[in-house]
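Structural overview for review
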Amino acid sequence: MTPPPQPGAGRRIRALRREAVFAAVPVALAALLGASAPSVAGAPGASGVGDPYFPLAGNGGYHVRHYDLTLRYDPGARHLDGTAVLTARATHALSRFDLDLQGLRVTGVTVDREAAGVRRSGQELVVTPRRHLDKDQEFQVRVDYNGTPRPVTESDGSQDGWIATDDGAFVAGEPQGSMTWFPANNHPRDKSSYDITITVPEGRTAVANGVLLGQRTAHGRTTFRWRQSEPMAAYLATASVGTFEVERYTTGDGIEVYNAVDPRQAKAAAPVLRKLPSVLEWASGLFGPYPYRAAGSIVDHAPDVGYALESQSRPVHASAPDLLTFVHEIAHQWFGDSVALTSWKDIWLNEGFASYAEWLYDEQHGGDTAQETFDELYASPEDDGLWDIPPGDPGGGDTLFEAPVYDRGAMTLHALRTAVGDPAFFRILRAWPTRHGDGHGTTGEFVRLAEQESGKDLKSLFHTWLYTEGKPERSAVGP
């Protein structure tokens, strides 16, 4: 994600985002849908995956292999009708399980085509199937729902999830927003493929992740069918709607490009969007082959949002991006999207890497060198916010997108580069997404990889830059 710089912040990215303050949802039982489920064997699935920053994010007891989402959105009424079919596998014998869903009215739930018991508890949709699910059993959950999606409002006033605009919706889910528009196992640990079908009034365009399989207009409405085949975390899904100008082409490498731009942003966005093929070629040269079949951007007119997000294969921007923001979100396709987090406290693996990609792009295209950018940041006084929190564990959801995560995270990578030299550093940078692509990575795994590729003991370097409070000594840069 790229939040905008605040005035006076120089080159540093100052995040505007804070931990979501979820709107209160009544804990009383919802009306039971279908017949009451009988007593069943097995154990309940956990209501979260145990993330230290977001305890209720995700759910235990199952893995979602595929989401099939069928949506119908009326921008005028701001009304969403949805059907979600989740194909999942039980990781232990289950008597019941949770889905993450905030707001919206649930009108029916089935498990393997049989009506299931269901109740609401905060952001949890608790589902009790009529028959217990055996360990390793594959099953399908269907949830029918509707209502007016409302975004998660965070402590600083920023929002994520389904955010209504004057002509549609800006849909960006980091870190918790996906549950505002579909029931999900809403944590990066659980990655799935997606089919997303969206019907909107004729004249509007609905853009999701991956490849456009087709579109059809009938009776004043247009239906768009999208497929994201490669595994994706729920927060990276989008279904943005607007009156967009659309550009489609295929790159020389066979990547299908789909750009959707609000006409009010088209003139400002055009020079940057034209650079997509060259930026993809540059990034692929450094990080390895582009991870997906599709690419592109959604450039909306959402003046109250104020950030961009690396939605998988097709980043979404609230306004026309500058070039380095564009590079940042493309770099995330490797760092954060293809290689996902297992815990939100490791967010520097996303934001530090994408920020350092900006430094590298600048360095290799006639701008400041990475060393010059590092030196400018290091010159910040000890009481500057850059040194307030350690980026390897920023402390909680309210500091997840603060400047140290981005800038000191990038400084960590530059300190690594200085310590091991360019040949080893660029091997490390490429090896990370090569070895962990379509999967997950942790800080510990990255440290071990860096030591293997460089032949150096780097534990002290990473401890200093990632986990020590305050400004590191200059001697901490390099061997």
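Since this is a predicted model, take the numbers as computed values, not measurements. Sequence positions are assigned chain by chain, starting from 1 and proceeding in written order. pLDDT decides what is reported in this predicted model: residues at 70 or higher carry local features, side-chain atom pairs at 80 or more are listed and counted, and totals for whole chains, interfaces and linings draw on all residues regardless. No hydrogens and no water enter the side-chain calculation; it runs on all heavy atoms of the structure.

Digging into the overall build of the chain
Spelled out, the test is: Numbering of helices and strands runs from the N terminus; a helix is a DSSP stretch of H or I covering at least four residues, while a strand is a stretch of E covering at least two. In this setup the radius of gyration rests on C-alpha atoms only. A globule is expected at 2.2 Å times the number of residues raised to 0.38. In what follows, a contact means two residues having at least one pair of non-hydrogen atoms within 4.5 Å. Using the Shrake-Rupley algorithm and a 1.4 Å probe, accessible areas are obtained, with residue cover drawn only from the displayed protein chains.
Looking only at helices and strands, the chain features nine helices and 26 strands. Compactness check: the chain gives a C-alpha radius of gyration of 22 Å against a globular reference of 23 Å for 479 residues, within 12% of the reference. Its C-alpha atoms give the chain principal-axis dimensions of about 70 × 50 × 40 Å. Considering only residue pairs separated by 6 or more positions, the chain has 71% of its internal contacts joining residues 24 or more positions apart. As presented, the chain carries roughly 17,600 Å² of accessible surface, and 49% of it is formed by carbon and sulfur atoms.

Details of the packing of helix α7 (residues 422-436) against helix α8 (residues 443-454)
To keep it simple, the criterion reads: Here an angle of 0 to 180 degrees is reported between the N-to-C directions of two axes, which are lines fitted to C-alpha atoms, with helices fitted over the stretch in contact. By definition in this entry, angles of less than 35 degrees are roughly parallel, angles greater than 145 are roughly antiparallel, angles of 65 to 115 are roughly perpendicular, and the rest are oblique. By definition, turning the near helix anticlockwise from the far helix through less than a right angle yields a left-handed crossing, and turning it clockwise yields a right-handed one. Here the term charged refers only to Asp, Glu, Lys and Arg, the term nonpolar to Ala, Val, Leu, Ile, Met, Phe, Trp, Tyr, Cys and Pro, and the term polar to all other amino acids, Gly among them.
It is at 9 Å that the axes of α7 and α8 come closest, and there the two elements cross at 130°. On the basis of the axis angle, α7 is oblique to α8. Relative to α8, the crossing made by α7 is right-handed. Facing Ala 424, Arg 427, Ile 428, Ala 431, Trp 432, Arg 435 and His 436 of α7, the residues of α8 in contact are Glu 445, Phe 446, Leu 449, Ala 450, Gln 452, Glu 453 and Ser 454. Taken together, the residues that form the contact of α7 with α8 break down as seven nonpolar, three polar and four charged.

What about the pairing of strand β13 (residues 169-172)?
We apply this condition: Think of it in three bands: residues with accessible area under 20% of the maximum for their type are buried, residues over 50% are exposed, and the middle band is partly exposed, with areas taken using a 1.4 Å probe on protein chains only. When DSSP finds at least two bridges between two strands, those strands are taken to pair.
Because side chains alternate across β13, one face comprises the buried residues Ala 169 and Val 171, and the other comprises Phe 170 and Ala 172, equally buried. Two elements, strand β12 (residues 159-164) and β13, share four bridges in a ladder whose sense is antiparallel. In the strand pairing of β13, Trp 162 is matched with Val 171. Where β12 folds back on β13, the antiparallel hairpin that results is connected by four residues.

Some details on the sheet that holds strand β9 (residues 124-128)
Reading across from one edge, β2-β5-β9-β8 is the order of the four strands in this open sheet, with mixed pairing throughout. Every other strand in the sheet has two partners, leaving β2 (43-44) and β8 (117-121) as the edge strands with one partner each. Where β8 meets β9, five bridges bridge the pair, whose relative direction is antiparallel. In the strand pairing of β9, Arg 120 is matched with Leu 125.

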